[in-house]
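# Fold and contact review
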Amino acid sequence: MRNFQKHFIKEYTLNFLRQYFIDHNFHEVETPTLLPQIPMEPNLYPMKTVWQERKKDFYLAISPESSLKKLIADGIGNCFAVAKTFRDLEDIGTTHNLEFSMLEWYEMGKNYQDIIARCQDLILSTYHQVLKKQNKPISNIISYQGQDIDISSPWPQATLQELFEKYAKMDLSKNLDTESIIKTAKEKGYNVDGVTTWEPLYTQIFINEIESNLPKDRPFVITDYPVIVSPLCAPCKNNPIYAQRFEFYIGGMEIGNGDTELLDSNQLESNFKRETKYRQDNNLAVHPYDQKLVEAVSKMPPCAGIGIGIDRIAMLFCVSNNIEDVIYFPTHSFI
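For every chain, the first residue of the written sequence is number 1, and numbering continues from 1 along that sequence. Where totals are concerned, whole chains, interfaces and linings use all residues; where local detail is concerned, this predicted model gives features only for residues with pLDDT of at least 70, and gives and counts side-chain atom pairs only at 80 or more. Side-chain descriptors were evaluated using all non-hydrogen atoms of the structure, hydrogens and water having been removed beforehand.

### Description of the packing of helix 5 (residues 178-188) against helix 6 (residues 199-210)
This is how it is decided: Between the N-to-C directions of two axes lies an angle of 0 to 180 degrees, each axis being a line fitted to C-alpha atoms and, for a helix, fitted only over the stretch in contact. Numbering goes from the N terminus for both helices and strands, where a helix is a DSSP run of H or I of at least four residues and a strand is a run of E of at least two. Roughly parallel covers angles under 35 degrees, roughly antiparallel covers those over 145, roughly perpendicular covers 65 to 115, and oblique covers all other angles. Crossing handedness: left-handed means the near helix sits turned counterclockwise from the far one by under a right angle, and right-handed means the same turn made clockwise. Here, residues are in contact when the closest pair of their heavy atoms is within 4.5 Å. Note on residue classes: Ala, Val, Leu, Ile, Met, Phe, Trp, Tyr, Cys and Pro are nonpolar, Asp, Glu, Lys and Arg are charged, and everything else, Gly too, is polar.
Closest axis-to-axis distance for the helix 5/helix 6 pair is 10 Å, and the angle between their directions is 40 degrees. With respect to each other, helix 5 and helix 6 are oriented oblique. The two elements helix 5 and helix 6 cross, and the hand of that crossing is left-handed. Of the residues in helix 6, those in contact with I181, I182, A185 and K188 of helix 5 are L201, Y202, I205 and E209. Grouping the amino acids of the contact of helix 5 with helix 6 by side-chain chemistry returns six nonpolar, no polar and two charged.

As C-alpha cells, then:
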C-alpha cells in the first residue's frame with residue numbers, strides 16, 4: 001500500500017495557497033495548456049504537439065504568464081492561476097518533473113519589492129495553516145533535511161551583482177558579454193572549450209560559486225538580474241543593465257521567480273527577436289513567439305507578479321528531498 005501522507009500535505013498546501021488569494025480578493029483564472037505561441041525566454045523550451053484535424057502546431061504552456069497578462073490588459077485586475085506547466089530540454093530529477101504545478105499571480109500598481117513582501121506573508125501563512133491542519137504546534141521554523149529554517153519576515157536579500165562580488169570575486173556588470181565572461185571563466189579554471197555564448201558560463205559560475213553559498217537557515221532573495229536573461233521584466237531605473245526581477249530560495253531550492261512587469265511592447269518584441277536569433281545561430285529549438293502578448297503589454301497597468309513551484313513548497317512542508325513524493329504520477333513512473 002502506498003503511503004499518501006506527503007501527497008495529502010501537498011493537497012493541504014494547494015488548498016491554502018488558493019484560499020489565501022481568494023481571501024485577498026484576487027480573481028482565479030483557468031488558463032489554457034495548449035497555446036499556438038509561447039513567450040521566447042532564455043532556457044525555457046516548450047513541448048510541441050500537433051492538432052491533427054487541422055494540421056496545426058500547438059505548444060504546452062511553460063507557465064500561465066502570457067494568458068494572465070492578456071486578461072490584465074483587458075482589465076481583470078489582481079488575478080492568479082494554479083496550472084500544470086511543462087518544460088522540454090530538462091531532465092527529471094529530485095527537484096524536476098516534466099510537468100509540475102505552478103502558482104502565478106499579478107498585482108496591479110505594485111513592484112517587485114511588493115511581491116517579495118507578499119511571498120513572505122504567503123509562505124508563512126500557508127505553513128501555519130498546514131501545521132494547524134495536521135494538529136501540530138504553530139511555528140515559524142521548518143525543519144528540512146537536518147536544517148532548521150526560520151521563515152519569519154523580513155527575509156534577507158542581496159542583488160546578484162553583490163553576490164558575484166562577494167562569492168565569485170568578479171564584477172558581473174563587466175562580464176555581461178560572451179568575450180568577457182569566457183576570459184573570466186578561463187581565469188577561474190572553467191573549461192571554455194567550444195563555448196560560444198554567454199549563458200552557459202554565467203550559469204556554471206552562478207551554480208558553483210553563488211547558489212552553493214546561499215544561507216540555508218533562512219529563505220534568501222536574490223534581486224536585480226541582467227536584462228539579457230530577463231526579457232519580460234522592467235529594467236531597474238538606476239541601472240538599466242539589470243532588471244527588476246528576483247528569485248527566492250528556501251532549503252537550497254529555488255521556489256519562485258518574480259518581477260516588475262515590462263510594459264514596453266517594442267522592447268518586448270526586440271527581446272523575443274534577439275532570443276530567436278540566438279537560437280537560430282546556435283541550432284537550438286525555435287518556436288513562434290507570442291505576438292498577442294507583445295500587443296497586450298502596452299495596455300497593461302503598472303503591475304508585478306511571480307510564478308511559484310507548488311510541488312517544491314510541498315516538499316519543504318512534508319520534509320521531502322524528492323519531488324516524486326508529492327506527485328501521484330511522476331514522469332519517472334512512465335519510463
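There is more to say after this.
### So, the sheet that holds strand 11 (residues 242-250)
Selection criterion: Between any two strands, pairing holds if DSSP finds at least two bridges.
Pairing in this open sheet of eight strands is mixed, and the strands run 1-5-6-13-12-11-10-9 from one edge to the other. Looking at strand neighbours, the two that pair on one side only are strand 1 (27-28) and strand 9 (157-159), the edges of this open sheet. Summarising the sheet, strand 6 (residues 99-108) and strand 13 (residues 303-309) pair through seven bridges and their orientation is antiparallel. Counted as the bridge partner of L103 is I308 from strand 13. Running over the sheet, helix 9 (residues 310-317) touches strand 5 (79-86), strand 6, strand 11, strand 12 (253-260) and strand 13 and is turned about 135 degrees from strand 12.

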